[in-house]
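Below, each chain spelled out in residue letters.
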Amino acid sequence: MTNYKLCIIPCNGLDKSLGIIARTVALKTIEKEPKIELICPVLLNNGEKKYEEILKSSKIVVVDGCMTGCATKLIEERNLKIFKKVFIPEMSKKFKLKPGKNLILTEEGINLAKTIATELIESLDRSDDEITIEYKEIEDIDYFDITVDKFYFRVPKSGFNFNENDCWIKPEGDLGLIGITDYLQNSASDIMFVELPEIGGKIEQFDDVGSFESVKTVLQLISPVSGEIVSINKLLEKQPELLNQDPYGKGWFAEIKLANFEEDKELLMDCSEYFEYMKNKIMKESEHLKKMKSEKND
Amino acid sequence: MQKKWIDYLKKREWNSQMKKKVGIIACSGENLLGGTLSRAAARIVVEKLRPNNTIILCQPLFAAGGLERHGGQDERDFAKNHPTITIEGCKEECSKIAVERYSGPVAATIRVDEIMEAHFELNPESREDLGENGMKLAEIVAEEIAKKVDEYFRRE
């Protein structure tokens, strides 16, 4: 084992199985290497003093269950450096073990946690990589918004048009940026991979322009307009989470030279129309889920 | 009918359909049995006992906060605008501290360590695996939470 002190902080999330796996990884790691100090993210946030010394004198390993990166945030807001970062969805792909969706871990989920813990301990011996994570500013847009339970949905108040596939176009002269709406990113959940179109490609309205893969599903971006791709947001390949965090701004997908926007627009909705359309969709889904839950409990 | 009036009616209908729910926030304690029990009990309430009246709030997300999308602001706003019951693994009462710090007063607090003392015959196996007795204890905690949820709706 390493000759320096180590501590581990998992995200400990409770509303997704990935958080439970992150917690189990940390517990399995300290079970195998009891010298590694365990940091409880919740107690840390409440100002537990004993952690101050540990964090200052140890190299920090964070285990994040999802793109929100709560464990990472708790360390970064204290201006501390992360020595190693473990991201559960990435490990799940690497080891071809599914985390499962239920909050009670399946055998495969437990096996995934054990495998990650074993690999983590091995990698700590050889790792000297330090990770720097970049955060970007967020563009200000005026939004319509609606909260359903704890989920929050936004639609810009002006300057955008939308198709029924929950994709947007922001026209500016003969060019336009395209992307996915807040509703679509919320439905997809944490986006992990993005497949961008090729520059120079010609597309028709309602063609698939690219795809993105989340922990739940693979979805397509259906172009609201026809034209030619003139640029793509390469940053999404490195930071696909921008699609979740800022779908109308830094999460733009591609830029299109518009072929016939005035004609395409006839089949699109403006901002307030799309907001109403989205609200109805959310309501229907909410009712459907409620019905399913009641049926399950009967 | 005037458009303004139609918009108002739509909005009223929309608001009336958004039934109020109670937020359940568990201690998530990393290093203690009470943390595991509080997590399990919160799950039982939200998934089995009161699925239509409760919603789980993720405490690490709540604590990490952040105004950017998918940060903890959504959780904090929910607890600000809805009643929230905290489940505490020990006397530190981390959930209550966090809710009061970021959102406001809590509707009720359940202390798992006190319930454990009252049911000392049910000894959970470990913090990773509660075992049969531990799950029975989690069910008891969950029933206590459900009672608090019902009390809230009776008062409303």
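Residues numbered from 1 in each chain as written. Chains lettered and ligands numbered in written order. Predicted model: local features only at pLDDT ≥ 70, side-chain atom pairs only at ≥ 80, totals over all residues. Heavy atoms only, no water.

**Q** Break down the sheet that holds strand 12 (residues 208–214) of chain A for me, citing the residues and quoting the values.
**A** Across a sheet, paired strands are connected by hydrogen bonds in the backbone, their directions being either parallel or antiparallel. Residues and elements named next belong to chain A. Taken in spatial order, the three strands line up as 10-12-13 in an open sheet, and their pairing is antiparallel. Where the open sheet ends on each side, the last strands, each with one partner, are strand 10 (191–195) and strand 13 (218–222). Put simply, the sheet's adjacent strands are angled 25 degrees from each other on average, direction ignored. Pairing geometry for strand 10 and strand 12, over four bridges, is antiparallel. Looking at the pairing, Glu195 lines up with Ser211 of strand 12. (Pairing = 2+ DSSP bridges. Helix = DSSP H or I, 4+ residues; strand = E, 2+ residues; numbered from the N terminus. Axes fitted to C-alpha atoms, helices over the stretch in contact; angles between N-to-C directions.)

**Q** How would you explain the interface of chain B and chain A if you had to name every residue and give the values?
**A** Facing the 46 residues of chain B at the interface are 52 residues of chain A. Regarding the contact of chain B and chain A, the summed buried area is about 4300 Å², with carbon and sulfur atoms giving 55% of it. At the surface where chain B touches chain A, the tally comes to zero salt bridges. For the pair chain B and chain A, the interface holds three residue pairs in polar contact (both at pLDDT 80 or more). Those elements that place two or more of their residues in the side of chain B that touches chain A are helix 1 (3–17), helix 2 (33–49), strand 2 (54–57), helix 3 (59–64), helix 4 (73–81) and helix 5 (94–102) of chain B. (Contact = heavy atoms within 4.5 Å. Buried area = accessible area lost by both parts, 1.4 Å probe. Salt bridge = Lys/Arg side-chain N within 4 Å of Asp/Glu carboxyl O. Polar contact = N/O pair within 3.5 Å; in protein donor to acceptor, adjacent residues only side chain to side chain.)

**Q** Pulling in residues and values, what's your account of helix 5 of chain B?
**A** The complete set of buried residues in helix 5 of chain B reads Cys94, Ser95, Ala98 and Val99 of chain B. Summarising the axial view, the buried residues of helix 5 of chain B lie within an arc of 125 degrees, below the 170-degree limit, and thus occupy one face. The inward-facing, buried residues of helix 5 of chain B abut helix 2 (41–45) of chain A together with strand 1 (22–26), helix 3, helix 4 and strand 3 (84–88) of chain B. Remark: Gly104 of chain B follows helix 5 of chain B within two positions and exhibits a positive phi of approximately 150 degrees. (Buried < 20%, exposed > 50% of the residue type's maximum accessible area, 1.4 Å probe, protein only. Arc of directions from axis to C-beta.)

**Q** With reference to specific residues and values, describe the nonpolar core.
**A** If you look at the biggest cluster of nonpolar residues, it comprises 75 residues, and the most contacted ones within it are Ile8 and Ile88 of chain A together with Ile24, Ile85, Ile87 and Ile145 of chain B. When residues of this core are assigned to their parent elements, the largest contribution, eight residues, is made by helix 1 (residues 17–32) of chain A. Beyond its immediate sequence surroundings of up to four residues, Ile8 of chain A is in contact with Ala26, Thr29, Ile30, Ile36, Glu37, Leu38, Ile39, Val61, Val63 and Leu120 of chain A. Membership of the second largest hydrophobic core comes to 25 residues, among which are Cys167, Leu236, Leu258 and Leu268 of chain A. (Core = buried A, V, L, I, M, F, W, Y, C linked by side-chain atoms within 4.5 Å.)

**Q** So what's going on with the pairing of strand 3 of chain B? Which residues, and what values?
**A** All names here are of chain B. Burial of strand 3 is extensive: five of the five residues sit out of reach of the surface. Taking every second residue as pointing to the same face, both faces of strand 3 are buried, with Thr84, Thr86 and Glu88 on one and Ile85 and Ile87 on the other. Both strand 1 and strand 3 contribute to a ladder of four bridges, which runs parallel. Paired with Gly23 across the bridge in strand 3 is Thr84. In terms of strand pairing, strand 3 meets strand 4 (residues 108–111) through four bridges, oriented parallel. Paired with Glu88 across the two strands is Arg111, which belongs to strand 4.

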